[in-house]
Amino acid sequence: VWKDLESMTMVAEGDQGVDIQGAFEGSMKTMTVVGAAAGCRGKGSSKTADQVAVFLINLACNRKGSFPFLGDGIELIPLDRGDIALAAASCFGGFLSVRGGNSFWKQRVMHKCLPIIIESVKSANGRPPHFNPRHHAAVLPVLAPMELMCHIMCCVPIAAMKSAIGPEAISELVKSLGAITAIPWSPENERGMMLCLSSLLRILVNLPDMLNNKVSCTAIARALSMMCMDLETCVTVLLLALQFLTTLAKSTQLRDKLGPSKVPVLSCVKKCLDHPSSLVRQSAVYACIAWSVNE
């Protein structure tokens, strides 16, 4: 697998008969399966899993990395850097969420990779989007590292995550969510929204103290309100946004910080009452009730 990956980076850019990117992504998925199997096996195989995890993290965050075992460097300049980075982030999600992976292994991966991810999210936040020719849409540089952080927050046990992910990481994730909602829709942005909302919702339900910050609560409420204003937003994203808003308003630890957001949130959520989907309309009713009774 490593040799297959290496050979694909050596193919000339002008060779139009070879789908370099598709072949590269296919080999990367194979490598992910090998790494996940090594992680599930544990013992001496854990080193293999670690190397695969670090390789995927570096591809997603830095667009380059060293092949496991070979030590050869790879620079992703000849390929579509945005798509490869997102593909690496997606592979990391499959790697970490594999059935049979125990909590200690996931915790080990988190401690090895999280510092790299948080630093990458910080540096990428605020950078302008680049155009993705494959999907004819703008993609934010922060999207791939943000997805890596979301996969960790969704897969790692809550008890382990409490001591590793601090308020600063949550704040950067909230910034990323706000940036995604401010650019036009694309499949990548939609997936990023769902991952970000899922991970933040898990934090809200299990570790609300991490969101015990007026700025974070206001920023999240503003971003979710923007989603609700656009009735063409994906139904899954809308349902997650409305569920998050309802849970946020019912939180005894956070409701006192939501006063300034109450009127604009209700104004945006009420637009969802006219949505074609009955599930969205029902969720909008629950959200309106939760925010209306919130003092």
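Higher on the page you've got the structure.
A few points on the structure. Small disclaimer: the values here were computed from a predicted structure and weren't measured.

**Thoughts on the overall build of the chain**
The secondary structure content of the chain amounts to 13 helices and four strands. Of all 295 residues assigned to the chain, the portion counted as buried reaches 53%. The contacts in the chain between residues at least 6 apart in sequence include a share of 72% that link residues at least 24 apart. For the chain, the computed accessible surface area is about 13200 Å², with 56% contributed by carbon and sulfur atoms.

**Focus: helix H8 (residues 167-181)**
End to end, H8 covers 21 Å across 15 residues, agreeing with the expected 21 Å (1.5 Å per residue, within 8%). Within H8, the full set of buried residues consists of Ala169, Ile170, Glu172, Leu173, Val174, Ser176, Leu177, Ile180 and Thr181.

**Observations regarding the packing of helix H3 (residues 46-62) against helix H5 (residues 103-124)**
Between H3 and H5, whose axes approach to 10 Å, the crossing angle comes to 20°. The orientation of H3 with respect to H5, classified from their angle, is roughly parallel. As H3 runs across H5, the sense of the crossing is right-handed. Note on element contacts: H5 touches H3 through Trp105, Arg108, Val109, Lys112, Cys113, Ile116, Ile117 and Ser120, opposite Ser46, Ala49, Asp50, Ala53, Ile57, Asn58 and Cys61. Looking at the contact of H3 with H5 residue by residue, the class counts come to nine nonpolar, three polar and three charged.

**A closer look at the pattern of salt bridges**
Here the structure, examined in full by the defined rule, presents three salt bridges. Residue Lys175 pairs with Glu172 through a salt bridge whose shortest N-O separation is 3.6 Å. In this pair, Lys175 and Glu172 both sit in helix H8, three residues apart, roughly one turn of the helix. The class of Glu172 is buried, set by a relative accessible area of 10%.

**Some details on a nonpolar patch on the surface**
There is a patch of nonpolar side chains on the surface, built from Leu273, Val285, Tyr286, Ile289 and Val293 and spanning about 460 Å² of accessible area. Here Val293 is to be found in the segment after helix H13 (278-292). Judged by its relative accessible area of 59%, Val293 is exposed.

**Things to note about the environment of Cys272**
Structurally, Cys272 is set in the loop between helix H12 (262-269) and H13. For the pair Cys272 and Val285, spaced 13 residues apart in sequence, the C-alpha to C-alpha distance is 8.7 Å.

**Digging into the packing of aromatic side chains**
Within this structure, the stated rule accounts for two aromatic pairs. When the ring of Phe95 is compared with that of Trp105, the centres are 5.1 Å apart and the planes differ by 70°; the resulting orientation is edge-to-face. With a gap of 10 residues between them, Phe95 in helix H4 (residues 81-96) and Trp105 in helix H5 connect regions that are remote in the sequence. An aromatic cluster is present here, built from Phe92, Phe95 and Trp105 joined pairwise through their rings.

**Here's the deal with the environment of Ala221**
Here Ala221 is to be found in helix H10 (residues 214-229). On the basis of relative accessible area, Ala221 is assigned to the buried category, the value being 1%. Placed 44 residues apart in sequence, Ala221 and Val265 show a C-alpha to C-alpha distance of 6.8 Å. Beyond its immediate stretch of four places on either side in the chain, Ala221 contacts Leu245, Ser261, Val265 and Trp291.

**Looking at the packing of helix H6 (residues 143-155) against helix H9 (residues 187-206)**
Between two packed helices, both the angle of their axes relative to each other and the distance between the axes serve to describe the pair. Following both chains from N to C, one finds H6 and H9 inclined at 35°, their axes separated by 9 Å at the closest point. Seen along the crossing, H6 lies across H9 with a hand that is left-handed. Residue-level contacts link Leu143, Met146, Glu147, Cys150, His151, Met153, Cys154 and Cys155 of H6 to Glu188, Asn189, Arg191, Gly192, Leu195, Cys196, Ser198, Ser199, Arg202 and Ile203 of H9. Residues of the contact of H6 with H9, tallied by class, amount to nine nonpolar, five polar and four charged.

**Brief notes about H6**
Since the α-helix packs 3.6 residues into each turn, any two residues three or four apart lie on the same face. Under the 1.5 Å per step criterion, the end-to-end length of H6 is 18 Å for 13 residues, consistent within 8% with the ideal 18 Å. Among the 13 residues that make up H6, 12 are buried, leaving the element largely enclosed by the rest of the structure. Every buried residue of H6 is listed here: Leu143, Ala144, Pro145, Met146, Glu147, Leu148, Met149, Cys150, His151, Ile152, Met153 and Cys155.

**A word on the side chain of His151**
Position of His151 among the secondary structure elements: in helix H6. With relative accessibility at 12%, the residue His151 sits in the buried group. Aside from chain neighbours lying at most four places away, what touches His151 is Ala89, Ser90, Phe92, Gly93, Leu96 and Leu195.

Conventions adopted
- Residues numbered from 1 in each chain as written.
- Predicted model: local features only at pLDDT ≥ 70, side-chain atom pairs only at ≥ 80, totals over all residues.
- Heavy atoms only, no water.
- Helix = DSSP H or I, 4+ residues; strand = E, 2+ residues; numbered from the N terminus.
- Buried < 20%, exposed > 50% of the residue type's maximum accessible area, 1.4 Å probe, protein only.
- Contact = heavy atoms within 4.5 Å.
- Areas by Shrake-Rupley, 256 points an atom, 1.4 Å probe, with all protein chains shown as cover.
- Expected span 1.5 Å × (residues − 1).
- Axes fitted to C-alpha atoms, helices over the stretch in contact; angles between N-to-C directions.
- Parallel < 35°, antiparallel > 145°, perpendicular 65-115°, else oblique.
- Left-handed = near helix turned anticlockwise from the far one by under 90°.
- Nonpolar A, V, L, I, M, F, W, Y, C, P; charged D, E, K, R; others polar.
- Salt bridge = Lys/Arg side-chain N within 4 Å of Asp/Glu carboxyl O.
- Patch = residues over 30% accessible without salt bridge, like charges linked within 9 Å, V, L, I, M, F, W, Y side chains within 5 Å.
- Phe/Tyr/Trp six-rings, centres within 6.5 Å; stacked < 30°, edge-to-face > 60°.

Bear in mind that shape data such as this cannot, by itself, settle questions of function.
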